[in-house]
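# An overview of the molecular structure
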Amino acid sequence: MRLVCDPAYDEVDLSASAEELNRLADAVAQGEGLLTSSPGGDGLAGVEVKNAPGPGVLVHLDSERQFLVISGDSTGRSVLADNLRGMASAEDGGHLHVEYPGHDYLVEGSVPLVVNSPHGGMPTR
């Protein structure tokens, strides 16, 4: 898994294998988990998932630890987990923008997240 924070666009870009995306989706659905990312100069250290009272899901950066933190209620996390699994199983490539506004399960203040398909960032069909 590779997480890159792009300050120019104020978003986090997530690239991962299907297995890694499914592990992240499982952690999001369960409301707990700590997944590390591939080391790299401009990459984040990983993702931490927490259960939190809702409504909704907050995606934010812990800049001190260099982690993306996903926290929220089970209903919102379930929707996000389904979206992550959808990208893990997308066979034609593509990417998903997870951002507020636009995704009703996210709360204001969430950092935009771009989730890339394991088969490439642009659709092949």
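About the thresholds
- Residues numbered from 1 in each chain as written.
- Predicted model: local features only at pLDDT ≥ 70, side-chain atom pairs only at ≥ 80, totals over all residues.
- Heavy atoms only, no water.
- Helix = DSSP H or I, 4+ residues; strand = E, 2+ residues; numbered from the N terminus.
- Rg over C-alpha atoms; globule rule 2.2 N^0.38 Å.
- Buried < 20%, exposed > 50% of the residue type's maximum accessible area, 1.4 Å probe, protein only.
- Contact = heavy atoms within 4.5 Å.
- Lys, Arg positive; Asp, Glu negative; His and termini not counted.
- Charge placed at Lys NZ, Arg CZ, Asp CG, Glu CD.
- Pairing = 2+ DSSP bridges.
- Axes fitted to C-alpha atoms, helices over the stretch in contact; angles between N-to-C directions.
- Salt bridge = Lys/Arg side-chain N within 4 Å of Asp/Glu carboxyl O.
- Polar contact = N/O pair within 3.5 Å; in protein donor to acceptor, adjacent residues only side chain to side chain.
- Expected span 1.5 Å × (residues − 1).
- Arc of directions from axis to C-beta.

## Looking at the overall build of the chain
From N to C terminus, the chain includes two helices and eight strands. In sequence order, the chain lays out its α and β elements as β-β-α-β-β-β-β-α-β-β. The C-alpha atoms of the chain give 13 Å as radius of gyration, which agrees with the globular expectation for 125 residues (14 Å, within 12%). Taken along the three principal axes of its C-alpha coordinates, the chain extends 40 × 30 × 25 Å. By the burial criterion, 44% of the 125 residues in the chain qualify as buried. Partitioning the contacts of the chain with sequence separation of at least 6, the portion at a separation of at least 24 is 49%. Positive and negative side-chain charges of the chain, numbering 7 and 19 respectively, have mean locations separated by a distance of 6 Å.

## A closer look at the sheet that holds strand β6 (residues 67-72)
Here four strands make up an open sheet; going across it, the order is β3-β4-β6-β5 and the pairing mixed. This sheet does not close on itself; its edge strands, each paired only once, are β3 (32-36) and β5 (57-62). The sheet shows a mean angle of 15 degrees between the axes of neighbouring strands, taken without regard to direction. Alignment of strand β4 (residues 46-51) against β6, held across six bridges, turns out to be parallel. If you follow Lys50 over to β6, its bridge partner there is Ser71. Strands in contact with helix α1 (residues 18-30) are β3, β4 and β6; relative to β3, the strand with the most contacts, it is inclined by about 155 degrees.

## Here we look at the side chain of Glu20
When you line up the elements, Glu20 lands in helix α1. No salt bridge forms around the buried Glu20; measuring N to O, its nearest opposite-charge neighbour Arg23 is 4.4 Å away. At 2.6 Å, the side chain of Glu20 and the backbone nitrogen of Met1 are in polar contact.

## Side note on the pattern of salt bridges
All chains considered together, the criterion is met by five salt bridges. A salt bridge links Asp26 to Arg85; the shortest N-O distance between them is 2.8 Å. With a gap of 59 residues between them, Asp26 in helix α1 and Arg85 in helix α2 (residues 74-89) connect regions that are remote in the sequence. Looking at Asp26, the relative accessible area reads 36%, which means it is partly exposed. Two residues, Arg85 and Asp82, come together in a salt bridge whose shortest N-O distance is 3.8 Å.

## What about the pairing of strand β7 (residues 95-98)?
Residues of β7 alternate between two faces, with Leu96 and Val98 buried on one and His95 and His97 left unburied on the opposite face. Two elements, β7 and strand β8 (residues 113-116), share four bridges in a ladder whose sense is antiparallel. If you follow Val98 over to β8, its bridge partner there is Leu113.

## A look at α2
Helix length check: α2 (16 residues) gives 22 Å between terminal C-alpha atoms against 22 Å at 1.5 Å per residue, within 8%. Listing the buried residues of α2 in full gives Gly76, Arg77, Leu80, Ala81, Leu84, Met87 and Ala88. Down the axis, α2 shows its buried residues gathered within 135 degrees of arc, on one side only. Exposed positions of α2 whose direction lies more than 90 degrees from the buried face are Thr75 and Ser89. On its buried side, α2 packs onto α1, β4, β5, β6, β7 and β8.

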